[in-house]
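# Overview (structure and organization)
Residues per chain, in single letters:
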Amino acid sequence: MTTVYVPCDSSARSVGADQVAAAIELEAARLGAPVEVVRNGSRGMMWLEPLVEVVSAGGRVAYGPVTPDDVAGLFAAGFLDGDTHELGHGLTDQIPWLAEQERLTFSRVGLIDPLSTDDYLSHGGLFALRRALAMTPQQICDEVTQSGLRGRGGAGFPVGVKWRTVLDAPGSPKFVTCNADEGDSGTFADRMLMEGDPFMLIEGMVIAGIAVDAHEGFIYIRSEYPDAVATMRAAIETAYQVGWLGSRILGSEHGFDLEIRVGAGAYICGEETAMLESLEGKRGMVRAKPPLPAIEGLFGKPTVVNNVLSLASVLVVLAHGAQFYRDFGVGHSRGTQVFQLAGNIARGGIVETAFGITLGQMLERFGGGTISGQPVRAVQVGGPLGAYLPPAQFDLPLDYEAFAEVGAMIGHGGIVVFDDTVDMAVQARFAMEFCATESCGKCTPCRVGAVRGVEVIDRIVAGEKTAANVVLLQDLCELMTDGSLCAMGGLTPMPVRSVLQHFPEDLDRSEGARP
Amino acid sequence: MLSDVSQRHAPWSPDVALETIGAHAGQRGPLLPVLHALQETFGYVDPRAVPLVAKTLNLSRAEVFGVLTFYPDLRSTPPGKVRVQVCRGEACQSVGGHALARHATSSLGVDFGGTTADGSVTLDEVFCLGNCALGPTVTVDGRLHGRVLAPDLDLLLSNSVNNNAEVNNADVSGDLT
């Protein structure tokens, strides 16, 4: 029996993985070839999807991108024995794009059948949880703090410090919530982890529960991710059956219940307090802080709010020790970040690597330039609220502080590439338009400012009192930054200001700087 | 795990609505799960469901209405037979998303959020479907499609509309026998 992997990741499915899997089964049946098709997560090499892997004596051999029409040819060429074919890439693990990464958080994604508990255990699953069960809550918090792990959702707050705050906060019950409302365009790491290694997130949630003495958790997943919702729900059901959730986890005294909640299309619910409101069944309106959610969170109780990747990274910290994790990265950015190469890029996908690699290295070594073949003009890092950076800034190291210094941010690690056909005035306008659409409406700088921002940019582009309106736009950006309750209004000026700074010729068209 | 895409919806019925609400009323913070369940059952959240939800969950009608109208996913009117979402996020913009969005609105003759006059297609915009390395991205009846250009969208739409018509015809003939 030959095992053939065809991803069930929704990105792979979006370019025909289901049809390829069906075609392989059909052709195998026609030839009487003993083949077992296993649906794995994606290896994250999106330009090769659907990526088919055949388990050969020497290891897993990759073929891609495969269409249903290629399948008969692959069988004829002997792909079941790992033989060469024009779509072949040799051993998957030796593809340089993959081999040069440091996959800690994504170590299992794409390798295993996401819902197989055997696969999970044979690839290091539950190692961290078993260790956590032998530790006191304080020890877990301390170890996570020592690792230098910062929240991967965007804000970069130290995870261990947050947990310690919840542990020390008076009140009962306490909650662990996972923010899987991955709304930033250009980001898909949370989705891929949930679809490709769901037990990792469950294990992370249970460990967080032990660390803060909470026994109930919620994962808030955006509705745009139906496959992730389905996979997580199935994984939770299995986890209850095998004793990884419920009372007496792994026979210990600790109990933990976990539930999935689905969002409803509101970007603002990725903001932690809006997410808590949404979990409570309310409009996703941002709360004023303080009180911090760690003190008064879900239903007014002490609550951990962590991103998917933060919770998954905790497993690496506990399984290998704080020092191991700390040894990756630079400055105050420790460990690895799961970067996501997206947009107009030849080789897009998941690049997990230590902090400190420059943006340019990321784009050249991994990205391979634009897919259109045109030169890169701008790169937006950190989602819709992140800055647009010009090639002159590509020597910037991917590090929280280095980005902050130049008025940019790493956010959730999304890197969106634009070629030279982009109109940066359109992108600046879109930033304001997006804020106007997605603002929860609670505070005026965001609710009204975004609408005024669109209008002012329209006037600048139309050549109406350009100089005065640019000053007005700068002023508006300052007001929104300083006066908004949360990052929605507070960071919308970031992309706008970056366009003003780096691409002024696109706004002020009177100079005719662009063809 | 592959998500199950179902397009068949029940006609409005207060009894079915109450049953649906009741199935989710017991959990913490039940309102959003209840509204999702209603939409899954009927394809939209009928305004007639609002007082039923309010009474069951001991909320005011204003609170239910407020939540219903806050979230873009929740509809108060029945959707078209085929639902199309076009991603408007930056990653899709960088590979022709603007042009695809213009093509979608002009070829269907509706703005985003609208349903064609014959009720066949509802067109929505969405900000990111998490397929950012394989854009432009759309969904048709909940199925994700990457690397979609204007002709691909036309093909997806005509296939889906035709499939839908066949399903409906089959239903009709089934009723007659």
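Keep in mind the model is a prediction, meaning the values are calculated, not measured.

### Observations concerning the overall build of chain B
Of regular secondary structure, chain B possesses 7 helices and 4 strands. In chain B, the succession of helices and strands from N to C terminus is α-α-α-α-β-α-α-β-β-β-α. Within chain B, the fraction of its 177 residues that count as buried is 49%. Look at the contacts in chain B between residues 6 or more apart in sequence, and 62% of them connect residues 24 or more apart. Summed over its atoms, the accessible surface of chain B is roughly 8,300 Å², and 54% of this surface lies on carbon and sulfur atoms.

### Considering the domain arrangement of chain B
Many analyses report the size of an interface as the accessible area lost when the parts associate. When the domains of chain B are assigned, the result is domain 1 (14-70) and domain 2 (82-176). Measuring from the centre of the C-alpha atoms in domain 1 of chain B to the corresponding centre in domain 2 of chain B gives 28 Å.

### Some thoughts on the side chain of Ser-116 of chain A
Positionally, Ser-116 of chain A belongs in the loop between helix H4 (96-99) and helix H5 (117-122). In terms of polar contacts, Ser-116 of chain A uses its side chain to reach the backbone amide nitrogen of Asp-119 of chain A, at 2.9 Å.

### Remarks on the interface of chain B and chain A
Each partner contributes residues to the interface: chain B has 40 residues there, and chain A has 70 residues. Summed over both partners, the interface of chain B with chain A comes to about 4,000 Å²; 58% of that surface belongs to carbon and sulfur atoms. Among the salt bridges present, the one from Glu-216 of chain A reaches Arg-28 of chain B, with a minimum N-O distance of 2.7 Å. In this structure, the connection of chain B to chain A is made through 25 residue pairs in polar contact (both at pLDDT 80 or more). Breaking the side of chain B that touches chain A down by element, the ones donating at least two residues are helix H2 (31-42), helix H4 (61-70), helix H5 (90-93) and strand E4 (143-145) of chain B. Its residues assigned to classes, the side of chain B that touches chain A shows 20 nonpolar, 14 polar and 6 charged.

### Examining the sheet that holds strand E3 (residues 138-140) of chain B
Residues and elements named next belong to chain B. Strand order in the open sheet made by the 4 strands is E2-E1-E3-E4, with mixed pairing throughout. The open sheet has two edge strands with one neighbour each: strand E2 (121-126) and E4. The average undirected angle you get between the axes of adjacent strands in this sheet is 20 degrees. Two strands pair when backbone bridges link them, and strand E1 (residues 82-87) and E3 are joined in this way by 3 bridges, in the antiparallel orientation. The residue of E3 that forms the bridge with Gln-85 is Thr-139. Sheet strands touched by helix H6 (residues 97-108): E1, E2 and E3. Its angle to E2, the strand with the most contacts, is close to 160 degrees.

### Some words on the layout of surface pockets
One simple way to see leftover space: roll a probe sized like a water molecule over the atoms. Residue and element names in this part refer to chain A. The calculated volume of the second largest pocket comes to roughly 1,100 Å³. Lining the second largest pocket are 45 residues, with Gly-153, Gly-154, Ala-155, Gly-270 and Glu-272 sitting closest to its centre. Of all the secondary structure elements, the ones that give two or more residues to the lining of the second largest pocket are helix H8 (159-168), strand E9 (303-307) and helix H20 (487-491). Among the elements that line the lining of the second largest pocket, the one with the most residues is E9, at 5 residues. Per-class residue counts for the lining of the second largest pocket are 18 nonpolar, 17 polar and 10 charged.

### Remarks on the pattern of salt bridges
Note that side chains of opposite charge can pair when their charged atoms are close. All names here are of chain A. Per the stated rule, a full pass over the model turns up 32 salt bridges over all chains. Put simply, Asp-93 and Arg-43 hold a salt bridge, and the shortest N to O gap is 3.3 Å. You can see Asp-93 sitting in the loop between strand E5 (88-91) and H4 and its partner Arg-43 sitting in the loop between strand E2 (35-38) and strand E3 (52-56), a full 50 residues away along the chain. Asp-93 gets classed as exposed once you look at its relative accessible area, which sits at 54%.

### As for the packing of helix H7 (residues 137-147) of chain A against H8 of chain A
Residue and element names in this part refer to chain A. Packing of H7 against H8 leaves a shortest axis separation of 7 Å and a crossing angle of 155 degrees. In this view, H7 runs roughly antiparallel relative to H8, as classed from their interaxial angle. Helix-helix and strand crossings are classified by hand; for H7 and H8 the assignment is left-handed. Taking contact as the criterion, the partners of Pro-137, Gln-138, Ile-140, Cys-141, Asp-142, Val-144 and Thr-145 in H7 are, on H8, Val-159, Gly-160, Val-161, Trp-163, Arg-164 and Leu-167. Along the lines of polarity and charge, the residues of the contact of H7 with H8 split into 8 nonpolar, 3 polar and 2 charged.

### Some thoughts on the domain arrangement of chain A
Residues and elements named next belong to chain A. Per the domain assignment, the segments making up chain A are domain 1 (2-95), domain 2 (117-326), domain 3 (329-419) and domain 4 (424-511). Inter-centroid distance (C-alpha atoms) of domain 2 to domain 3 is 26 Å. Contacts between the two partners involve 22 residues from domain 2, matched on the other side by 24 residues from domain 3. Counting the surface lost from both domain 2 and domain 3, the interface buries some 1,700 Å², and carbon and sulfur atoms represent 56% of this. The largest share of the area that domain 2 buries against domain 3 comes from Arg-150, Arg-152 and Phe-188, three residues that together contribute 32% of it. Here Glu-401 ties to Arg-150 by a salt bridge, and the two come within 3.2 Å at their closest N and O atoms. Counting across the interface, domain 2 meets domain 3 through 12 residue pairs in polar contact (both at pLDDT 80 or more). In terms of residue count, the dominant contributor to the side of domain 2 that touches domain 3 is helix H9 (residues 189-196) (3 residues).

Cut-off values and rules
Residues numbered from 1 in each chain as written. Chains lettered and ligands numbered in written order. Predicted model: local features only at pLDDT ≥ 70, side-chain atom pairs only at ≥ 80, totals over all residues. Heavy atoms only, no water. Helix = DSSP H or I, 4+ residues; strand = E, 2+ residues; numbered from the N terminus. Buried < 20%, exposed > 50% of the residue type's maximum accessible area, 1.4 Å probe, protein only. Contact = heavy atoms within 4.5 Å. Areas by Shrake-Rupley, 256 points an atom, 1.4 Å probe, with all protein chains shown as cover. Domains from an automatic or database assignment. Polar contact = N/O pair within 3.5 Å; in protein donor to acceptor, adjacent residues only side chain to side chain. Buried area = accessible area lost by both parts, 1.4 Å probe. Salt bridge = Lys/Arg side-chain N within 4 Å of Asp/Glu carboxyl O. Nonpolar A, V, L, I, M, F, W, Y, C, P; charged D, E, K, R; others polar. Pairing = 2+ DSSP bridges. Axes fitted to C-alpha atoms, helices over the stretch in contact; angles between N-to-C directions. 1 Å grid on protein atoms, 1.4 Å probe; cavity = no way out; pocket = protein on both sides within 12 Å on 5 of 7 lines; lining within 4 Å. Points joined across faces, edges and corners; volume = space filled by probe spheres on them. Parallel < 35°, antiparallel > 145°, perpendicular 65-115°, else oblique. Left-handed = near helix turned anticlockwise from the far one by under 90°.

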